[in-house]
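The primary structure of each chain is shown beneath.
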Amino acid sequence: MSFYHYIGSSKEFPLGERGRRKSSADKSSGKVTKAIHFRSSHLPEGAVPLEQIVDLSHIQEDEIEVYDSMEDAAGIYIQDLGPWSGEIRGHFTNPFVYQIAANWGGFSVHPNLKENFPEQYKAHVKCIRELFDLMKEYGSDHEQFELYTCWDGEEKQRKNEKLHKIIDLKTFQLGDEFELKDKQYIVIKT
């Protein structure tokens, strides 16, 4: 099963990706990407490079996206909902509802992630910031956005009212812990 995140807005959002920054060393040409390379990644001592295990000679340089770090590859993807989405739209008061996804990161941070997986932590922080930057960019004074998260197939189930939250975007600080939780409904005020 998949965990899905949704955002409701009174205004239309541009669809697609935002936040990724390719490396200046990137030579990808818009062809189908067959590989992604993070320049900051280092193999642990004793590890065998992938190209010594698998023949990668069929992948051309212009089919490899290059990023300086996982954080640079991170961002969010905004997708329109299809006509099948009436069940999820019922959780929102705003007329425009989109599915959002984190690329190379997620919508949760906690101290354990920061301590044990610092590259992933930075990618997660960037995804969360991109989400809040989207609302700052498209929001005007006294506008409200809505966030909702649920598992695939559970769109009809009720929100968990114990998890409801209101966030004032003008004073919001990310802090050490943040997570979009299952069945959580969040109102974001601008």
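Residues numbered from 1 in each chain as written. Predicted model: local features only at pLDDT ≥ 70, side-chain atom pairs only at ≥ 80, totals over all residues. Heavy atoms only, no water.

Trainee: Tell me about the packing of aromatic side chains, residues and numbers included.
Mentor: Centre-to-centre distance and the angle between the planes together describe a pair of aromatic rings. Following the criterion strictly, the structure yields 10 aromatic pairs and no others. For the ring pair F13 and Y138, a centre distance of 5.5 Å and an interplane angle of 70 degrees mean the geometry is edge-to-face. Of this pair, F13 sits in the loop between strand 1 (3–9) and strand 2 (16–18) while Y138 sits in helix 4 (residues 118–138); the two residues are 125 residues apart in sequence, bridging distant segments of the chain. The exposure class of F13 is buried, given its relative accessible area of 6%. The class of Y138 is partly exposed, set by a relative accessible area of 23%. Relative to F172, the ring of F132 has its centre 4.6 Å away and its plane inclined at 20 degrees; by these criteria the two rings are stacked. One end of the pair, F132, is in helix 4; the other, F172, is in the loop between strand 9 (165–168) and strand 10 (178–179), and 40 residues separate them in sequence. Assessed through its relative accessible area of 4%, F132 is described here as buried. The partly exposed category is assigned to F172, whose relative accessible area is 24%. Ring pairing ties together the aromatic residues F13, Y98, Y138 and F145, which thus form one cluster. (Phe/Tyr/Trp six-rings, centres within 6.5 Å; stacked < 30°, edge-to-face > 60°. Helix = DSSP H or I, 4+ residues; strand = E, 2+ residues; numbered from the N terminus. Buried < 20%, exposed > 50% of the residue type's maximum accessible area, 1.4 Å probe, protein only.)

Trainee: Can you break down the sheet that holds strand 1 residue by residue, with the values?
Mentor: Sheet architecture is open: seven strands sit in the order 2-5-6-1-8-11-9, paired in mixed fashion. Here the strands that pair on one side only, and so sit at the sheet edges, are strand 2 and strand 9. Geometrically, the sheet is characterised by an average inter-axis angle of 25 degrees between neighbouring strands, direction not taken into account. Pairing of strand 1 with strand 6 (residues 96–103), which is carried by five bridges, proceeds in the antiparallel orientation. For I7, the partnering residue across the bridge sits in strand 6 and is Y98. Those strands touched by helix 4 are strand 1, strand 2, strand 5 (75–80), strand 6, strand 8 (144–151), strand 9 and strand 11 (185–189), and its axis lies near 55 degrees from that of strand 5. (Pairing = 2+ DSSP bridges. Axes fitted to C-alpha atoms, helices over the stretch in contact; angles between N-to-C directions. Contact = heavy atoms within 4.5 Å.)

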